[in-house]
Amino acid sequence: MVDEQERLLPIANVGRIMKEILPPSAKISKEAKQTIQECATEFIGFVTGEASDRCHKENRKTVNGDDICWALSNLGFDNYAEAMARYLHKYREYEREKNRNSNSNNNQTLATTSGDNKDDEELHFGIEEQQVRQVETHQNLAPLEFQFIDKGKSSTSEPA
């Protein structure tokens with residue numbers, strides 16, 4: 001039983017994710033959490049296995065976000081693949097902006113060592129919320145809610 005529990009997603013995390021979508025007064029049974037825990041773990045393994053097979057065929061050792069998007073699409077989860085591709089694009093933009101800000105801050109603060117740089121600590125998604133709400137691709141897909149976590153903090157952009 002211990003081996004089985006080690007391969008599953010943490011039940012507390014699963015319960016927390018489930019609670020986010022439900023009204024505050026809603027309750028979730030232990031059985032419901034365990035069922036979702038098993039299904040989510042299986043789904044992640046299924047998609048990752050497909051992505052891993054692709055990497056193996058291409059003689060690569062590292063599965064990346066593009067491989068996951070490809071696997072989702074290849075397995076028939078096109079809606080998820082499109083949403084994941086949009087998320088991945090925004091995440092990469094966020095990382096580039098974070099690196100740019102970090103590099104410019106490092107260049108500006110070479111002479112100072114005060115450590116009073118709260119902008120870096122509180123850097124959140126650098127793209128305007130309006131842009132996140134209206135992510136445009138070649139198809140007019142519905143806007144998504146993106147969450148990025150930076151140093152233990154989370155920021156959420158609310159859909160319009």
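Check the entry above for the structure.
Residues numbered from 1 in each chain as written. Predicted model: local features only at pLDDT ≥ 70, side-chain atom pairs only at ≥ 80, totals over all residues. Heavy atoms only, no water.

Focus: the environment of Leu72
Mapped onto the fold, Leu72 is located in helix H4 (residues 65-74). The spacing of Leu72 and Val47 is 25 residues in sequence and 6.3 Å in space, taken between C-alpha atoms. Not counting chain neighbours up to four residues away, the residues in contact with Leu72 comprise Phe43, Val47, Phe77, Asp78, Tyr80, Ala81 and Met84. (Helix = DSSP H or I, 4+ residues; strand = E, 2+ residues; numbered from the N terminus. Contact = heavy atoms within 4.5 Å.)

Structural notes on a nonpolar patch on the surface
A cluster of nonpolar side chains, namely Leu9, Phe43, Ile44 and Phe46, defines an oily patch on the protein surface of about 330 Å² accessible area. Position of Ile44 relative to the elements: it lies in helix H3 (residues 30-57). (Patch = residues over 30% accessible without salt bridge, like charges linked within 9 Å, V, L, I, M, F, W, Y side chains within 5 Å. Areas by Shrake-Rupley, 256 points an atom, 1.4 Å probe, with all protein chains shown as cover. Salt bridge = Lys/Arg side-chain N within 4 Å of Asp/Glu carboxyl O.)

Comments concerning the side chain of Asp67
On the secondary structure map, Asp67 appears in helix H4. Note on Asp67: relative accessible area 2%, which makes it buried. Polar side-chain contacts of Asp67 include one of 2.7 Å to the side chain of Arg60. (Buried < 20%, exposed > 50% of the residue type's maximum accessible area, 1.4 Å probe, protein only. Polar contact = N/O pair within 3.5 Å; in protein donor to acceptor, adjacent residues only side chain to side chain.)

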